[in-house]
Amino acid sequence: MPGRFDGKVVIVTGSSSGIGKETALHFAREGAKVTVTGRSLERLQAVKKELLGNGVLEKDFLIVPADVTSSAGQDELISQTLSKFGKIDVLINNAGASITDFEGKTGVSQGIDSYEKTMKLNVQSLVEMTQKARPHLAKTRGEIVNVSSIVALGHGWQSRPYYSLAKAAVDQYTRAAAIDLIEEGIRVNTVNPGFVKTLFHEAELGWTADQAQEFYDDIGSNKYAIPAGFIGRPEHIAKAIAFLADRNSSEFIVGQNLVVDGGTTLVLGIHAAK
Ligand code: NDP
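Since the model is a prediction, treat every value here as computed from it, not as a measurement.

Calculation notes
Residues numbered from 1 in each chain as written. Predicted model: local features only at pLDDT ≥ 70, side-chain atom pairs only at ≥ 80, totals over all residues. Heavy atoms only, no water. Helix = DSSP H or I, 4+ residues; strand = E, 2+ residues; numbered from the N terminus. Rg over C-alpha atoms; globule rule 2.2 N^0.38 Å. Buried < 20%, exposed > 50% of the residue type's maximum accessible area, 1.4 Å probe, protein only. Contact = heavy atoms within 4.5 Å. Areas by Shrake-Rupley, 256 points an atom, 1.4 Å probe, with all protein chains shown as cover. Lys, Arg positive; Asp, Glu negative; His and termini not counted. Charge placed at Lys NZ, Arg CZ, Asp CG, Glu CD. Core = buried A, V, L, I, M, F, W, Y, C linked by side-chain atoms within 4.5 Å. Axes fitted to C-alpha atoms, helices over the stretch in contact; angles between N-to-C directions. Parallel < 35°, antiparallel > 145°, perpendicular 65-115°, else oblique. Left-handed = near helix turned anticlockwise from the far one by under 90°. Nonpolar A, V, L, I, M, F, W, Y, C, P; charged D, E, K, R; others polar. Expected span 1.5 Å × (residues − 1). Arc of directions from axis to C-beta. Phe/Tyr/Trp six-rings, centres within 6.5 Å; stacked < 30°, edge-to-face > 60°. Salt bridge = Lys/Arg side-chain N within 4 Å of Asp/Glu carboxyl O.

Asker: Quick question: what am I supposed to make of the overall build of the chain here?
Answerer: Helix and strand content of the chain: 9 helices and 7 strands. Computed over the C-alpha atoms, the radius of gyration of the chain is 18 Å, within 12% of the 19 Å expected from 2.2 N^0.38 for a compact globule of 274 residues. Summarising its shape, the C-alpha atoms of the chain cover approximately 55 × 40 × 35 Å along the three principal directions. When each of the 274 residues of the chain is scored for burial, the buried share is 46%. A fraction of 72% describes how many contacts in the chain between residues 6 or more apart in sequence connect residues 24 or more apart. A total of about 13,100 Å² of accessible surface is found on the chain, and carbon and sulfur atoms cover 55% of it. Charged side chains of the chain number 29 positive and 31 negative; the gap between the two group centres comes to 3 Å.

Asker: What is the right way to look at the nonpolar core in this model?
Answerer: Soluble, globular proteins show a tendency: their nonpolar side chains are buried together. Formed by 28 residues in total, the largest nonpolar core has its most connected members in Val10, Phe27, Val34, Leu51, Ile92 and Ile241. Dropping the residues within four chain positions of it, Val34 is found in contact with Val10, Ala24, Phe27, Ala28, Leu51, Asp60, Phe61, Leu62 and Phe85. Among the nonpolar cores identified, the runner-up in size contains 22 residues, and Val68, Leu77, Leu137 and Leu181 belong to it.

Asker: Sorry, what's going on with the packing of helix 4 (residues 112-140) against helix 5 (residues 161-182) here?
Answerer: Describing two packed helices takes the angle between their axes plus the distance from one axis to the other. Running from N to C, helix 4 and helix 5 point in directions that differ by 20°, and their axes come no closer than 9 Å. The angle between helix 4 and helix 5 places the two elements in the roughly parallel class. For the pair helix 4 and helix 5, the sense of crossing is right-handed. Together, Ile112, Ser114, Tyr115, Thr118, Met119, Asn122, Val123, Leu126, Val127, Thr130 and Arg134 of helix 4 and Tyr162, Tyr163, Leu165, Ala166, Lys167, Ala169, Val170, Tyr173 and Leu181 of helix 5 make up the contact between the two elements. Per-class residue counts for the contact of helix 4 with helix 5 are 14 nonpolar, 4 polar and 2 charged.

Asker: Could you clarify how one ought to interpret helix 3 (residues 71-85) in this entry?
Answerer: Residues spaced three or four apart along an α-helix point in a common direction, a consequence of the helix completing one turn every 3.6 residues. For helix 3, spanning 15 residues, the distance from its first C-alpha to its last is 21 Å, which sits close to the expected 21 Å at 1.5 Å a residue. Contacts from the buried residues of helix 3 go to strand 1 (9-12), strand 2 (33-38), strand 3 (61-65) and helix 4. Phi for Gly86, located one or two positions after helix 3, is positive at around 85°.

Asker: How should helix 2 (residues 41-53) be read in this particular structure?
Answerer: In a regular helix each residue adds 1.5 Å, so 13 residues correspond to 18 Å; helix 2 covers 18 Å between its end C-alpha atoms and thus fits that length. Of the residues making up helix 2, those classed as buried are Leu44, Val47 and Leu51. The buried residues of helix 2 occupy one face: seen down the axis, they fall within an arc of 55°. More than 90 degrees from the buried face of helix 2, the exposed residues found are Glu42, Lys49 and Gly53. Once helix 2 finishes, Gly55 follows within two positions and takes phi at roughly 80°, a positive value.

Asker: When you look at the packing of aromatic side chains in this model, what are you seeing that I'm missing?
Answerer: Centre distance and the angle of the planes are the two values used to describe a pair of aromatic rings. By the definition in use, this model includes 7 aromatic pairs. Judged by centre distance (5.4 Å) and plane angle (50°), the ring pair of Tyr163 and Phe200 falls under tilted. Of the two residues, Tyr163 sits in helix 5 while Phe200 sits in helix 6 (residues 200-205), which places them 37 residues apart along the sequence. Taken together, Phe195, Trp207, Phe215 and Tyr216 form an aromatic cluster joined through their ring pairs.

Asker: Help me out: how do you make sense of the environment of Ser98 in this one?
Answerer: Within the element layout of this structure, Ser98 appears in the loop between strand 4 (90-93) and helix 4. Distance in space between the C-alpha atoms of Ser98 and Pro161 is 9.6 Å, their sequence separation being 63 residues. In this structure Ser98 touches Arg160, Tyr163, Phe200 and Glu204, once residues within four positions along its chain are discounted.

Asker: What's the story with the pattern of salt bridges in this structure? I'm lost.
Answerer: A side chain of one charge can pair with a side chain of the opposite charge if their charged atoms are brought near each other. The full count for this structure, using the stated rule, is 15 salt bridges. Of the charged contacts, one joins Arg4 and Asp246 as a salt bridge, the two residues approaching to 3.2 Å between their closest N and O atoms. A residue pair is termed long-range when its members are at least 10 positions apart, and Arg4 in the segment before strand 1 and Asp246 in the loop between helix 8 (234-245) and helix 9 (247-250) qualify at 242 residues. Among the residues examined, Asp246 registers a relative accessible area of 6% and is labelled buried. One salt bridge in this structure joins Asp75 and Lys132, with 3.0 Å as the shortest N-O distance. With Asp75 in helix 3 and Lys132 in helix 4, the pair connects residues that are 57 residues apart, well separated along the chain.

Encoded structure:
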């Protein structure tokens, strides 16, 4: 059966787990050739198994272990994709994390080290990947989807200011880049996820899988946090990313944020008052 992304070549950064992994699987199932990447060889091997288990052939995916914050890693991603698949149609800038202060400080006391690392991963690597993919995306009149967050929007996240400001920068960069690059036929948009069950919260807070599950169960059943009544799953975000990467579905959407959060951003604190 023909897939929506037949013949398209897609790079998904941060695809060794969570939202990026599900996005890579989604594109591959819909006919795309995908470049999967991240730093963890173990997790990349697990994604390889899942791709093969989904009937995706080795010729249709590429695994590139790389640190997306390093210039060499970014170059590897682009060059290996071009050498295996010959072009780039879609770039999903998904790699990201809220990087904990090594002294455990939060709020305005968070150290500058965590500020720099947070910005480098969530913003600078996305800017550099955009610059490096640009000439190739111009040839294919391609698409960029950036993964931001609801924390970029109109609320303050007291304990993690740098992560929120990094994602707000992603939204703002998306707007500027969208105007600039649409002249070359490249569309740029963001998806802004709410709470999604991935490794994100374990990595950020050093939780065990059980502690993370307790958090997901708790917040997922709290209608003042998620009106939909359940925690987001990576596939919810993957489908929104695919919508924005599919010109047939979203051609006239340029430089926008697609919020995918089960209603979290609709709920003001006042609703919690009895
Ligand atoms: P995960 O921790 O499950 O996945 C993060 C991915 O980013 C992994 O594949 C990880 O790979 C990769 N990554 C992190 N640092 C680097 C690096 N330096 N170089 C290369 N790859 C890196 O989290 P999510 O799937 O949840 O996160 C995906 C995106 O979604 C992020 O941008 C996050 O900010 C955003 N988001 C997530 C939300 C959530 O509730 N889960 C909510 C809103 C936004 P590896 O460890 O192998 O290097």
